[in-house]
Amino acid sequence: MEFNADDVMIVHNDKDRLYSAEYQSASIAFCAYAEDAQARIRDFNHTVTQPEYGGHGLAGKVVRHALDDSISNGFSIQAGCSYVEHFIEKNPEYKEHLA
């Protein structure tokens with residue numbers, strides 16, 4: 001069966017503090033964060049896509065969902081990994097939400 005990025009679901013795993021791209025019940029990409037609940041800050045510090053799923057824009061989809069969800073829940077954001085830092089540089093609408 002051929003991979004279709006449209007079949008990917010982005011889920012938030014609050015317990016493990018990560019947002020994950022799920023495909024056929026498996027995590028194929030994720031963006032992890034550290035949270036300061038009192039200060040309402042999430043530092044997105046690690047982004048990974050499984051090599052066999054690279055090139056489909058999954059990291060960007062996960063990061064966009066993670067940032068949007070965090071902002072809508074009242075968190076400021078930090079870019080603790082280079083991928084998130086570059087994502088915010090390319091999408092300046094997120095800069096106003098940086099802690």
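Structure shown above.
The shown structure was predicted, so the numbers you read here are calculated from the model rather than taken from an experiment. (Residues numbered from 1 in each chain as written. Predicted model: local features only at pLDDT ≥ 70, side-chain atom pairs only at ≥ 80, totals over all residues. Heavy atoms only, no water.)

Participant: Help me understand the pairing of strand β1 (residues 9–13), please; the structure alone is not making it clear to me.
Facilitator: Residues in a regular strand point their side chains to alternate faces of the sheet. Sheet topology places β1 next to strand β2 (residues 18–23); five bridges connect them, and they run antiparallel. In the sheet register, H12 faces β2, and the bridge partner there is Y19. Between β1 and β2, which follow one another and run antiparallel, lie four residues, and R17 among them has a positive phi close to 55°. (Pairing = 2+ DSSP bridges. Helix = DSSP H or I, 4+ residues; strand = E, 2+ residues; numbered from the N terminus.)

Participant: I would appreciate a short explanation of the nonpolar core in the present structure.
Facilitator: As a rule of thumb, soluble globular proteins bury nonpolar side chains together. Grouped together as the largest cluster of nonpolar side chains are 23 residues, with contacts concentrated most on F3, V8, I28, F44, L58, L67 and V84. Mapped by element, the contributors of at least two residues to this core are β2, β3 (26–36), α1 (58–72) and α2 (82–90). By residue number, the principal contributor to this core is α1, which donates five residues. The contacts of V8, once residues within four sequence positions are left out, are F3, A21, E22, Y23, I28 and L58. (Core = buried A, V, L, I, M, F, W, Y, C linked by side-chain atoms within 4.5 Å. Buried < 20%, exposed > 50% of the residue type's maximum accessible area, 1.4 Å probe, protein only. Contact = heavy atoms within 4.5 Å.)

Participant: Help me understand the pattern of salt bridges, please; the structure alone is not making it clear to me.
Facilitator: Should the charged atoms of two oppositely charged side chains come close, the side chains can pair. The full count for this structure, using the stated rule, is two salt bridges. In this structure, E35 and R42 form a salt bridge, with 2.9 Å as the shortest nitrogen-oxygen distance. Where E93 meets R64, a salt bridge forms, and the shortest distance between an N and an O atom there is 3.8 Å. Placement of E93 in the segment after α2 and of R64 in helix α1 is noted, with a sequence separation of 29 residues between them. The partly exposed category is assigned to R64, whose relative accessible area is 34%. (Salt bridge = Lys/Arg side-chain N within 4 Å of Asp/Glu carboxyl O.)

Participant: What exactly am I supposed to notice about unusual backbone geometry here?
Facilitator: When glycine is set aside, most residues are seen to have a negative phi, and most peptide bonds are trans. Here R17, not a glycine, exhibits a phi torsion of approximately 55°, which is positive. Relative to the assigned elements, R17 resides in the loop between β1 and β2.

Participant: How do you make sense of the packing of α1 against α2 when you look at a structure like this?
Facilitator: Angle between the axes and distance between the axes: these two values describe a pair of packed helices. Running from N to C, α1 and α2 cross one another at 75°; their axes reach a closest spacing of 11 Å. In terms of orientation, α1 and α2 fall into the roughly perpendicular class. Where α1 abuts α2, its residues A59, G60, V63, R64 and L67 lie against Y83, V84, F87 and I88. Classifying every residue of the contact of α1 with α2 gives seven nonpolar, one polar and one charged. (Axes fitted to C-alpha atoms, helices over the stretch in contact; angles between N-to-C directions. Parallel < 35°, antiparallel > 145°, perpendicular 65-115°, else oblique. Nonpolar A, V, L, I, M, F, W, Y, C, P; charged D, E, K, R; others polar.)

Participant: Help me out: how do you make sense of the pairing of β3 in this one?
Facilitator: Examined bridge by bridge, β2 and β3 share six bridges and lie antiparallel to one another. In the strand pairing of β3, A21 is matched with A29. Linking β2 to β3, which pair antiparallel, is a turn of two residues; within it Q24 sits at a positive phi near 50°. Where β3 lies against strand β4 (residues 41–49), eight bridges are found, and the strand directions are antiparallel.

Scope: geometric values only; no functional claims are made or implied.
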